[in-house]
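Fold and geometry: a report
What follows is each chain in one-letter form.
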Amino acid sequence: GGMPLVIIGTEKDITSQKKNLQETEARQLRYNCIFETPMMGIVMFDENGYLTNINRKACEMFGCNHDEIEAEHVTFHDLLDISEDITVRNADGYCMTQILDLDAIPVDQRKVRAVKRNGKLHNYIQLATVLGDHNEVLGLFAFCRDVTVMAEKSNQLKTVEEEVIKQKAELARYVTSI
């Protein structure tokens with residue numbers, strides 16, 4: 001046996017691949033931190049208005065299961081009960097406060113079967129259209145807040161105010177009759 005005369009090796013620079021992977025992981029982390037905020041429901045729709053992703057807070061608001069609602073092929077019109085006149089392109093900046101009386105619609109007759117919640121749901125919704133570099137529509141975000149508790153407290157406050165006004169009138173009638 002002899003000694004090898006030549007040793008051949010190869011080298012591949014993977015610096016750019018590692019950097020790209022790190023940047024992708026950092027973007028994914030930022031996306032998850034924003035999308036999974038416990039503060040607000042966020043629903044993503046594609047360029048045709050079909051649901052592509054929904055965060056936990058939105059699932060909680062609508063009383064739905066993430067996988068079920070994604071599998072249902074739901075449009076933003078049906079989920080958010082928005083007029084067909086609103087398109088993904090012209091929805092940007094659209095804001096509304098809505099009251100959905102889910103008790104009035106039996107579960108088997110709802111447009112979105114995955115929505116299982118009951119009662120009156122007061123939502124504040126703001127839509128944001130996502131455009132690409134060439135002004136093409138990429139999708140739509142719906143930012144949702146459940147304002148049911150605020151609405152109920154506001155109604156309670158109005159009831160208390162009305163009662164105070166009645167009591168004042170009654171007291172004034174009593175005092176003037178003395």
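Residues numbered from 1 in each chain as written. Predicted model: local features only at pLDDT ≥ 70, side-chain atom pairs only at ≥ 80, totals over all residues. Heavy atoms only, no water.

**A short note on the pairing of strand S4 (residues 120–131)**
- Note: strand S3 (residues 95–101) against S4, seven bridges, orientation antiparallel. Bridged to Asp101 within S4 is Lys120.
- Where S4 and strand S5 (residues 137–146) come together, nine bridges link them in antiparallel fashion. Paired with Leu131 across the strands is Val137, a residue of S5. (Pairing = 2+ DSSP bridges. Helix = DSSP H or I, 4+ residues; strand = E, 2+ residues; numbered from the N terminus.)

**Thoughts on the layout of surface pockets**
- Each pocket or cavity is described by its volume, and for the largest pocket that value is around 240 Å³.
- Asp78, Leu100, Leu102, Ile105 and Lys111 are, among the 14 residues lining the largest pocket, the residues nearest its centre.
- The set of elements that each furnish at least two residues to the lining of the largest pocket consists of helix H4 (76–80) and S3.
- The residue makeup of the lining of the largest pocket, split by class, is eight nonpolar, one polar and five charged. (1 Å grid on protein atoms, 1.4 Å probe; cavity = no way out; pocket = protein on both sides within 12 Å on 5 of 7 lines; lining within 4 Å. Points joined across faces, edges and corners; volume = space filled by probe spheres on them. Nonpolar A, V, L, I, M, F, W, Y, C, P; charged D, E, K, R; others polar.)

**Overview of the packing of aromatic side chains**
- Counted according to the given criterion, the structure contains two aromatic pairs.
- Ring geometry for Phe45 versus Phe76: centroids 5.9 Å apart, planes at 65°, classification edge-to-face. With Phe45 in strand S1 (residues 41–46) and Phe76 in helix H4, the pair connects residues that are 31 residues apart, well separated along the chain.
- Assessed through its relative accessible area of 1%, Phe76 is described here as buried.
- Taking the centre distance of 5.7 Å and the plane angle of 15° together, the rings of Phe141 and Phe143 count as stacked.
- The exposure class assigned to Phe141 is partly exposed, which follows from its relative accessible area of 23%. (Phe/Tyr/Trp six-rings, centres within 6.5 Å; stacked < 30°, edge-to-face > 60°. Buried < 20%, exposed > 50% of the residue type's maximum accessible area, 1.4 Å probe, protein only.)

**Topic: a nonpolar patch on the surface**
- On the surface, Leu5, Val6 and Ile8 cluster together to form a nonpolar patch covering roughly 430 Å² of accessible area.
- By the element assignment, Val6 lies in the segment before helix H1 (15–35). (Patch = residues over 30% accessible without salt bridge, like charges linked within 9 Å, V, L, I, M, F, W, Y side chains within 5 Å. Areas by Shrake-Rupley, 256 points an atom, 1.4 Å probe, with all protein chains shown as cover. Salt bridge = Lys/Arg side-chain N within 4 Å of Asp/Glu carboxyl O.)

**What to know about the nonpolar core**
- Judged by nonpolar contacts, the single largest core of 31 residues is most densely connected at Phe45, Phe62, Ile69, Phe76, Leu79, Leu80 and Leu127.
- Taken together, the elements giving at least two residues each to this core come down to S1, strand S2 (51–54), helix H2 (56–62), H4, S3, S4 and S5. (Core = buried A, V, L, I, M, F, W, Y, C linked by side-chain atoms within 4.5 Å.)

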